[in-house]
Amino acid sequence: MSQTLSRPKVQPWSQSSVASVRPLILASVLPAVFAALVGLLANLDFSVALLVIFVPLQALAAGFVGFKTYGKRGLKDAVLIFVTIFFSMMVMVLLTSVLVSVAVAGFSAMSPQFLSQNNVYVSPTTSLEYGGVGHAILGTLLIVILTTIAAVPLGIAMAVFLTQSNAKHKGIVRTVTQALSGLPSVVSGLFILAIMGFVGIERSGLTGALALFPLMLPTVARVAEESLRLVPSDLRLAALALGAPNYKAFFQVILPAAKSGIITALLLGLARIIGETAPLILTINANNSTNLNPFAEGIATLPTYIYGFLSSGYSTSQARAWGAALVLLLLVALLFGAARIMTRQKSLKTKSTKKAK
Amino acid sequence: MESELANPKANQARRKLNVGPRSRGDRVFFGITSLAANFAFVLVALILVFLMVSAWPALQSQGLAFIYGSTWVADEGAEPIMQLGPMIWGSIQIAFIGILLGTPMAVATAYLIVFMLPSRAAKVATTVVDLMAALPSVVIGLWGLIVFTPVAAHWAQILNQTLGWFPVFAIEGEQPTYVDSPFIAGWIVAVMIVPIITSVTREIFSQMDSGLINGALALGAGRWAVLSRVILPTSRGGILGGVLLGLGRAIGETVAILYVLQLSFDINWYQILEPRGGAVASFILARFGEATPLEFQGLMAAGLVIFVVTLIVNTIASLIVNRSTRRVK
Amino acid sequence: MTNSTPSASTLSAEDISVWFGERQVLSNVNLVFPANQVTALIGPSGCGKSTFLRTLNRMHELIPGAGLAGSVLLDGVDIYAPEVSPVDVRINIGMVFQKPNPFPTMSIRENILSGLKLSGRKTANADELVETSLRRASIWNEVKDRLNDQALSLSGGQQQRLCIARSLAMDPKVLLMDEPCSALDPGSTRRIEETIEELSESMTVVIVTHNMQQAQRVSHQTAFFLADENTPGGVVEFGSTEQVFNTPVDPRTNDYVNGHFG
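Since this is a predicted model, take the numbers as computed values, not measurements.

On a plain count of helices and strands, chain B comes out with 11 helices and two strands. Ordered by position from N to C terminus, the α and β elements of chain B give α-α-β-β-α-α-α-α-α-α-α-α-α. For chain B, whose C-alpha radius of gyration is 26 Å, the value lies well above the compact-globule estimate of 20 Å for 329 residues. If you line up chain B on its principal axes, its C-alpha atoms span 105 × 60 × 35 Å. Put simply, chain B has 329 residues, and 48% of those count as buried.

Moving on to the overall build of chain A. Within chain A, the secondary structure is distributed over 15 helices and zero strands. Looking at chain A residue by residue over its 357 residues, the buried ones come to 49%. For chain A, the proportion of contacts with a sequence separation of at least 24, taken over those separated by at least 6, is 71%.

Next up on the list: the domain arrangement of chain A. Residues and elements named next belong to chain A. When cut into domains, chain A gives domain 1 (17–108) and domain 2 (134–356). Taking only C-alpha atoms, the centre of domain 1 and the centre of domain 2 are 41 Å apart. When its residues are assigned to classes, the side of domain 1 that touches domain 2 shows four nonpolar, two polar and no charged.

Each pair of packed helices gets described by two things: the angle between the helix axes and the distance between those axes. Residue and element names in this part refer to chain B. At their nearest, the axes of helix α3 (residues 85–116) and helix α6 (residues 182–206) sit 5 Å apart, and the two run at 40° to each other. As judged from the angle between their axes, α3 and α6 are oblique. Note on packing geometry: the crossing formed by α3 with α6 is right-handed. The residue inventory of the contact of α3 with α6, partitioned by class, reads 22 nonpolar, 10 polar and one charged.

Take the nonpolar core next. Core analysis: the largest hydrophobic core is formed by 281 residues, its most contacted members being A:V220, A:I306, A:A325, B:I188 and B:V280. Apart from residues lying up to four places away in sequence, A:A325 is in contact with A:V102, A:G106, A:I306, B:V139 and B:L142. In terms of nonpolar packing, the next biggest core, distinct from the first, is built from six residues, A:A61, A:V65, A:L75 and A:A78 among them.

Residue and element names in this part refer to chain B. Here chain B is partitioned into domain 1 (25–72) and domain 2 (87–328). Here domain 1 and domain 2 have C-alpha centroids that lie 26 Å from each other. On the domain 2 side, the residues contacting the 13 residues of domain 1 number 10 residues. Looking at the side of domain 1 that touches domain 2, the elements that each hand over two or more residues are α1 (24–62) and α2 (65–68). In terms of residue count, the dominant contributor to the side of domain 1 that touches domain 2 is α1 (eight residues). For the side of domain 1 that touches domain 2, the class distribution of residues is 10 nonpolar, three polar and no charged.

Once that is clear, we can look at the packing of helix α14 (residues 302–312) of chain A against helix α5 (residues 137–163) of chain B. Contact geometry for α14(A) and α5(B): axes closest at 10 Å, N-to-C directions at 25°. If you check the angle between α14(A) and α5(B), you find them roughly parallel. Classified by chirality, the crossing of α5(B) by α14(A) is left-handed. Listed contacts from α5(B) to A:P303, A:I306, A:Y307 and A:L310 of α14(A) are B:V138, B:L142 and B:L145. Its residues assigned to classes, the contact of α14(A) with α5(B) shows seven nonpolar, no polar and no charged.

Once that is clear, we can look at the sheet that holds strand β3 (residues 38–42) of chain C. Residues and elements named next belong to chain C. The sheet built from six strands is open, its strands ordered β6-β7-β8-β3-β9-β10 with mixed pairing. Of all the strands in the sheet, the pair left with one neighbour each is β6 (93–96) and β10 (234–240). Taking the axes of each pair of neighbouring strands and ignoring which way they run, one obtains an average angle of 15° across the sheet. Across four bridges, the pairing between β3 and strand β9 (residues 221–226) is parallel. Within the sheet, the bridge partner assigned to I42 lies in β9 and is F224.

On to helix α6 (residues 156–168) of chain C, then. For an α-helix the count is 3.6 residues per turn, leaving residues at separations of three or four pointing the same way. Along its 13 residues, α6(C) runs 18 Å from first to last C-alpha, staying within 8% of the 18 Å computed at 1.5 Å per residue. Within α6(C), 12 of the 13 residues are buried, which leaves the element mostly enclosed by the surrounding structure.

Turning our attention to the sheet that holds strand β1 (residues 11–20) of chain C. Residue and element names in this part refer to chain C. Pairing is antiparallel across the open sheet formed by four strands, whose spatial order is β2-β1-β4-β5. Among the strands making up the open sheet, the edge pair consists of β2 (23–33) and β5 (77–78). The pairing of β1 with strand β4 (residues 66–74) spans eight bridges and is classified as antiparallel. Directly across from S12, in β4, lies its bridge partner L73.

To continue, consider the pairing of β9(C). Working note: regular strand, side chains alternate between the two faces of the sheet. Taking burial as the measure, the six residues of β9(C) include six buried ones, the bulk of the element. On β9(C), burial covers both faces: C:Q221, C:A223 and C:F225 on one face and C:T222, C:F224 and C:L226 on the other are all buried.

With that settled, the discussion passes to the confidence of the model for chain B. With 94% of its residues at a pLDDT of 70 or more, chain B has an overall mean of 89. The low-confidence segment residues 1–10 of chain B (pLDDT under 50) makes 18 contacts with residues lying over four places distant or belonging to another chain.

Turning our eyes to something else, we now look at the confidence of the model for chain A. With 90% of its residues at a pLDDT of 70 or more, chain A shows a mean pLDDT of 85. Here residues 350–357 of chain A scores under 50 on pLDDT; set against residues more than four positions off or in separate chains, the count is 10 contacts.

All names here are of chain C. Side chains I93 and M95 project from β6 onto one buried face, and the interleaved G94 and V96 project onto a second face that is buried too. Taken together, the four bridges between β6 and strand β7 (residues 174–178) define a ladder with parallel strand orientation. Bridged to G94 within β7 is L175.

This next bit is on α1(B). Between its first and last C-alpha, α1(B) extends 55 Å over 39 residues, near the 57 Å set by a 1.5 Å rise per residue. At B:A55, α1(B) is deflected by roughly 50°, the largest bend along its length, and proline B:P57 occurs up to four residues later in sequence.

Moving on, we come to the environment of B:W72. All names here are of chain B. Structurally, the position occupied by W72 is in strand β1 (residues 72–73). For W72, a count of 20 C-beta atoms within 10 Å translates into the label buried. Spatially, the C-alpha atom of W72 lies 71 Å from that of A13, the residues being 59 residues apart in sequence. Once residues within four sequence positions are removed from consideration, W72 is found in contact with I81, M82, Q83 and F265.

Calculation rules
- Residues numbered from 1 in each chain as written.
- Chains lettered and ligands numbered in written order.
- Predicted model: local features only at pLDDT ≥ 70, side-chain atom pairs only at ≥ 80, totals over all residues.
- Helix = DSSP H or I, 4+ residues; strand = E, 2+ residues; numbered from the N terminus.
- Rg over C-alpha atoms; globule rule 2.2 N^0.38 Å.
- Buried ≥ 20, exposed ≤ 12 C-beta atoms within 10 Å, placed from the backbone.
- Contact = placed C-beta atoms within 7 Å.
- Domains from an automatic or database assignment.
- Nonpolar A, V, L, I, M, F, W, Y, C, P; charged D, E, K, R; others polar.
- Axes fitted to C-alpha atoms, helices over the stretch in contact; angles between N-to-C directions.
- Parallel < 35°, antiparallel > 145°, perpendicular 65-115°, else oblique.
- Left-handed = near helix turned anticlockwise from the far one by under 90°.
- Core = buried A, V, L, I, M, F, W, Y, C linked by C-beta atoms within 7 Å.
- Pairing = 2+ DSSP bridges.
- Expected span 1.5 Å × (residues − 1).
- pLDDT = per-residue confidence, 0-100.
- Bend = angle between axes of the 7 residues up to and from the residue.

Following this line, the structure appears as structure tokens:
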């Protein structure tokens, strides 16, 4: 260890030497210092100093260093790297801002009672010591479970069709399914409303679950199709060569091999619908008390709870909205985490198959 | 033992091969799955039919002015005038701003993940972007209203004060608030569509033939040359598909926009910092609670409009993405 | 097909031609595979020998757009006759693939019994069947203490012998092997060749191979397939292995077996 440290690196093929490191350091420090100085002296706004002085200067500096080291080619490459990092940082900043805001503001609303109590006798100005999202958590779970019962088997059956059959119109089924996955959620709600108008059903938890169904179905179908596609076709052929009919080859060989992928499809489908708001506002009545009967009366859900409290504008109701948003995000993160673990297991398994070859 | 050499006889009769399912189990199996697959068509048709029937009276009474007119008066008792023009224009405007802001961010992020980050960091970044795609619209709306709007209003003020001579950044009227504008709504839409464009682009970048890239690098090409000569020409179509998918998402975005935009039937053509704008989807939700039965038909018609538009956009996008992923492969 | 006593059968291909869509890939193949004989199918890549092998147990018809003319007779019965079920055909004519493909979610024991389960049949004594099948594939001694381990825990060569054992558990009359050793090391290859020799005592074996030495070591008779550019493939020469390799009649066979092309 010490030996490698004490010995100077001599790499004739690399151009990095003290002479070329110095402009690199200067280039990364100077623009910031300069921008800060100008900003302070001219009493400029922080964001203006950042965007108008620092960013162009930094780009210039990066380009200069690139030019010094590699010539004209280096100039373009340095600017490309700078631009890439600049725009990706913007994404990072936006995302971090969302997550941190929800975490901080949501955490201050959090308490055992907030998670367990319902919203009866709570007005927009009631202090946070009373009431909570317990009823909305239960309502959300109830409704997404109802949707899942319908959407997951159907989505998997679609995926089976897309991977196992020899039908000619597979391509167009796939395209339509993908196009459906971009269905605006508000349209899904209007669609169920229109059906309700014709058939004459009242708004209830069930109609809400129905409104989420067209949104969940394509997600489940797509993810399940991808995971079934990962099962080597050799396995299917082997099963058929042993005299298996197609359905037995699927249920006894292919499905077990794709199990974790199918569960991933379920989890990502849930993550897709658990935060949907517009369809539920259109098809479910709000409710302040706990209702677990999906066939009658209103049911509270986390997204509609947030929507309701945010619309009223008082600081306590905003705090409630943040709290509910944190709970919702944690549910999404939980589903996502579980899906990640599932995919990791799957990739381990396929890796070992590969090694065995 | 010697066999005759292959001497093809002309027009040997082909046998009928038994390609269909033989056993009853298989017939049931394929029957059910193909029923399920065809349900995709049924669902699209059902949505179309039900929206159309519910919207028909409104479309009939309003005529084509429903699309381009700019008056919406639907009070109890009077004959309603329902013209969606400003909302449709607003949707286009906001989607355009969102794509303008979101595409560079998304493509840069995808480039960073595939070509710059070490594989472990790339995996983390990919997960983060996927998680971003799962952020509920209502949460983005909450953040947009309380956290983002003040910041964006500050930027809008700077833009207006420095570039106000340029009509796009001009604001009419005294004491501008800089909030509730298409500019802010466009940013919110950008946040919503960045993940989808990123994941499509990343997919296409990561399927690039690495031999091609290494070949270019071996010839002494720099990053920029590889990007402009090798990567972009092959992946251009796929990125466009991703952007179109983002466009579909942007047009359908409802709740998040509702919080950060002042819906107005006083049509706002280009002054994106003014607090008036439109978005069809958000408008449906905003009016829904107090709509009269006749106005409800108008809202159904509005829903029909965004359904048809997003269906077309998304179908084209899927076709493009599928084709270019296959080609890159 | 009605005869269910386990014994070798004669398989014969009469005038087989094969199409994929409109493209003909094989033309008028006539071959006889007598009982208890090992037949090697050799030839350069793309000459249609693997395709031909798949016509022998109706795996061919699983490919969309596949077409066929001629007939395949198992003990005189046409396996493509309308009243014959493909499931029965595949039970009687087993197949081993190029890459080992044990079922990854099943144990070794379950893999052996999978054929019965998949084809909907029952056995009185499962343990005995597992043992006999593994013994016949000469892998019993290596796995007898770990029958409940996952099949993927085996080495590549062991996996391939497991796949052979899986086919043997069905008690097939004919075993088709599609380059069974191409993914294996020389040691595993030798063991599988020994297994093939033992198997020929109780069944008919057809093996596709790229390896000339292997064809000479394991087979009694050899068929040489060849496809000229843009024309369908066919059999150039068919005879005893000794004759095909030592005194080939066709000059192209001579060139191929002596390594001049392919």
